[in-house]
Amino acid sequence: MPVEEFVAGWISGALGLVLGHPFDTVKVRLQTQTTYQGITDCMVKIYRHESILGFFKGMSFPIASIAVVNSVLFGVYSNSLLALTATSHRERRAQPPSYTHVFIAGCAGGFMQAYCLAPFDLIKVRLQNQTEPRAKPGSPPPRYRGPVHCATSIFQKEGPRGLFRGAWALTLRDTPTLGIYFVTYEALCRQGTPEGQNPSSSTVLVAGGFAGITSWITATPLDVIKSRMQMDGLTRKAYQGLLDCVVSSMRQEGPGVFFRGLTINSARAFPVNAVTFLSYEYLLRWWG
Ligand SMILES: CN(C)C(=N)NCCC[C@H](N)C(=O)O
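The rules behind these values
- Residues numbered from 1 in each chain as written.
- Predicted model: local features only at pLDDT ≥ 70, side-chain atom pairs only at ≥ 80, totals over all residues.
- Heavy atoms only, no water.
- UniProt positions renumbered as here; feature names shortened; annotations may be inferred.
- Salt bridge = Lys/Arg side-chain N within 4 Å of Asp/Glu carboxyl O.
- Helix = DSSP H or I, 4+ residues; strand = E, 2+ residues; numbered from the N terminus.
- Buried < 20%, exposed > 50% of the residue type's maximum accessible area, 1.4 Å probe, protein only.
- Phe/Tyr/Trp six-rings, centres within 6.5 Å; stacked < 30°, edge-to-face > 60°.
- Lys NZ or Arg CZ within 6 Å of the ring centre and 35° of its normal.
- 1 Å grid on protein atoms, 1.4 Å probe; cavity = no way out; pocket = protein on both sides within 12 Å on 5 of 7 lines; lining within 4 Å.
- Points joined across faces, edges and corners; volume = space filled by probe spheres on them.
- Expected span 1.5 Å × (residues − 1).
- Bend = angle between axes of the 7 residues up to and from the residue.
- Near = heavy atom within 4 Å.
- Polar contact = N/O pair within 3.5 Å; in protein donor to acceptor, adjacent residues only side chain to side chain.
- Areas by Shrake-Rupley, 256 points an atom, 1.4 Å probe, with all protein chains shown as cover.
- Nonpolar A, V, L, I, M, F, W, Y, C, P; charged D, E, K, R; others polar.

- Looking at an unreviewed UniProt entry, one finds the protein named Solute carrier family 25 member 45 and attributed to Otolemur garnettii.
- According to the UniProt record, the Subcellular location (unreviewed entry) comment for the protein reads "Mitochondrion inner membrane".
- Turning to the protein, the UniProt record has this under Sequence similarities (unreviewed entry): "Belongs to the mitochondrial carrier (TC 2.A.29) family."

Here it is, written out as structure tokens:
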């Protein structure tokens with residue numbers, strides 16, 4: 001099994017992650033808390049109460065986990081294409097796979113990454129939702145002192161299954177949308193590149209950016225549900241399950257609730273995924 005795709009996926013994912021984390025914190029707060037009036041209000045409040053560090057809450061765990069998560073996504077995607085089309089990544093420009101194969105391989109990558117991502121994403125969302133400023137004398141201490149404390153607290157209170165809270169919503173979010181992600185990327189690269197050649201850097205940036213936007217637009221409704229399921233039970237249990245979360249959210253806040261965080265998700269998705277795909281392509285070309 002070729003391993004270059006796994007390593008390239010890891011490095012490119014880490015670059016994208018650092019770039020997008022501040023946007024991600026704003027998105028998670030907008031999806032799960034009702035105290036903010038919009039993106040600007042949320043950004044100003046985070047900056048005022050928590051300083052610039054507030055935007056980077058919960059980042060250390062994703063950085064550590066991106067090695068697993070993104071290498072699984074890109075590695076499973078590329079190796080599924082190899083199994084479906086019998087072409088390695090070097091041969092795929094000359095013999096491009098069909099979009100159906102790209103979609104199936106993307107769904108396989110999305111499904112596998114969701115299970116690796118679930119506990120890390122849960123801890124990230126719980127830490128991002130802590131509004132207490134860091135290390136301010138006199139202020140009440142936050143519920144979790146950091147990612148390890150967060151993981152052990154969840155484990156102690158809810159058992160190992162607690163670490164997979166929201167995992168179903170995450171799997172439903174990522175399986176089809178990662179198929180859409182890779183199909184959009186491939187389609188835009190092919191459109192902007194003469195047959196048989198490698199796409200230029202600008203084509204990769206644009207195709208990667210739009211792949212991110214398209215996939216996140218389709219992922220946002222389940223992203224909202226996932227974040228709510230992950231926060232549920234912290235103080236009191238509001239939802240019986242995924243379906244109940246969908247119905248209650250819709251009843252209480254109307255259909256607009258499923259698009260919470262859409263603007264910030266899309267603004268974040270372009271640079272993050274442009275950089276992710278550019279570094280992924282170049283690392284693979286560099287390694288031959
Ligand atoms: C719609 N979904 C779930 C995705 N496109 N997922 C791929 C992740 C890409 C990048 N790390 C990001 O966070 O945008």
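Resuming the write-up.
**Topic: the pattern of salt bridges**
Turning to step 1, where the next piece is worked out: This model, assessed by the stated rule, comprises 19 salt bridges.
Turning to step 2, where the next piece is worked out: Two residues, Asp-121 and Lys-124, come together in a salt bridge whose shortest N-O distance is 3.8 Å. You can see Asp-121 and its partner Lys-124 sitting in helix α4 (residues 99-128), three residues apart, about one turn around the helix. There is no split in this pair, since Asp-121 and Lys-124 are both buried.

**Focus: the UniProt feature "transmembrane region" (unreviewed entry) in the protein**
Turning to step 1, where the next piece is worked out: Under the UniProt annotation, the feature "transmembrane region" (unreviewed entry) is placed at residues 55-78 and 98-118.
Turning to step 2, where the next piece is worked out: Secondary structure within residues 55-78 divides into 79% helix and 0% strand; the distance between the first and last C-alpha atoms comes to 33 Å.

**Considering the UniProt feature "repeat: Solcar" (unreviewed entry) in the protein**
Turning to step 1, where the next piece is worked out: Sites flagged by UniProt as "repeat: Solcar" (unreviewed entry) map to residues 1-83, 97-191 and 199-286.
Turning to step 2, where the next piece is worked out: Taken as a whole, residues 199-286 contains 77% helix and 0% strand, while its terminal C-alpha atoms sit 14 Å from one another.

**A few points about the packing of aromatic side chains**
Turning to step 1, where the next piece is worked out: Under the counting rule described, the total for this entry stands at 10 aromatic pairs.
Turning to step 2, where the next piece is worked out: Judged by centre distance (4.4 Å) and plane angle (40 degrees), the rings of Phe-74 and Tyr-280 are tilted. Here Phe-74 is found in helix α3 (residues 60-85), whereas its partner Tyr-280 is found in helix α9 (residues 262-286), with 206 residues between them in sequence.
Turning to step 3, where the next piece is worked out: Given the relative accessible area of 0%, Phe-74 is considered buried.
Turning to step 4, where the next piece is worked out: Three or more aromatic residues link up through ring pairs in this structure, and these residues are Phe-74, Tyr-77, Tyr-181, Phe-182, Tyr-185, Phe-277 and Tyr-280.
Turning to step 5, where the next piece is worked out: Its end group placed over the ring of Tyr-99, Arg-190 keeps NZ or CZ at 4.6 Å from the ring centre.
Turning to step 6, where the next piece is worked out: Directly above the ring of Tyr-282 sits Arg-285, whose terminal nitrogen or CZ lies 4.9 Å from the centroid.

**So, empty space enclosed by the protein**
Turning to step 1, where the next piece is worked out: Tallying each qualifying case throughout the model produces one cavity of 30 Å³ or more.
Turning to step 2, where the next piece is worked out: Considered as a void within the structure, the largest cavity measures approximately 620 Å³ in volume.
Turning to step 3, where the next piece is worked out: Lining the largest cavity are 33 residues, with Asn-70, Leu-117, Arg-173, Trp-216 and Arg-268 sitting closest to its centre.
Turning to step 4, where the next piece is worked out: Secondary-structure elements contributing two or more residues to the lining of the largest cavity are α1 (4-32), α3, α4, α6 (167-191), α7 (201-231) and α9.

**A few points about α7**
Turning to step 1, where the next piece is worked out: Compared with the 45 Å implied by 1.5 Å per residue over 31 residues, the 40 Å span of α7 between its first and last C-alpha is markedly short.
Turning to step 2, where the next piece is worked out: Of all the bends in α7, the largest measures some 55 degrees and sits at Thr-220, one to four residues before the proline Pro-221.
Turning to step 3, where the next piece is worked out: Once α7 finishes, Gly-233 follows within two positions and takes phi at roughly 90 degrees, a positive value.

**Some thoughts on the site of the ligand**
Turning to step 1, where the next piece is worked out: Taken together, Arg-173, Asp-174, Thr-177, Leu-178, Tyr-181, Ser-215, Trp-216, Ala-219, Arg-268, Val-272 and Asn-273 are the residues near the ligand.
Turning to step 2, where the next piece is worked out: In the model, an oxygen atom of the ligand is placed 2.8 Å from a nitrogen or oxygen of the Trp-216 side chain.
Turning to step 3, where the next piece is worked out: A distance of 3.0 Å separates an oxygen atom of the ligand from a polar side-chain atom of Asn-273.
Turning to step 4, where the next piece is worked out: Relative to its unbound accessible surface of 380 Å², the ligand loses 91% to contact with the protein.
Turning to step 5, where the next piece is worked out: Listing elements by their share of the shell around the ligand, those giving two or more residues are α6, α7 and α9.
Turning to step 6, where the next piece is worked out: Grouping the amino acids of the shell around the ligand by side-chain chemistry returns five nonpolar, three polar and three charged.

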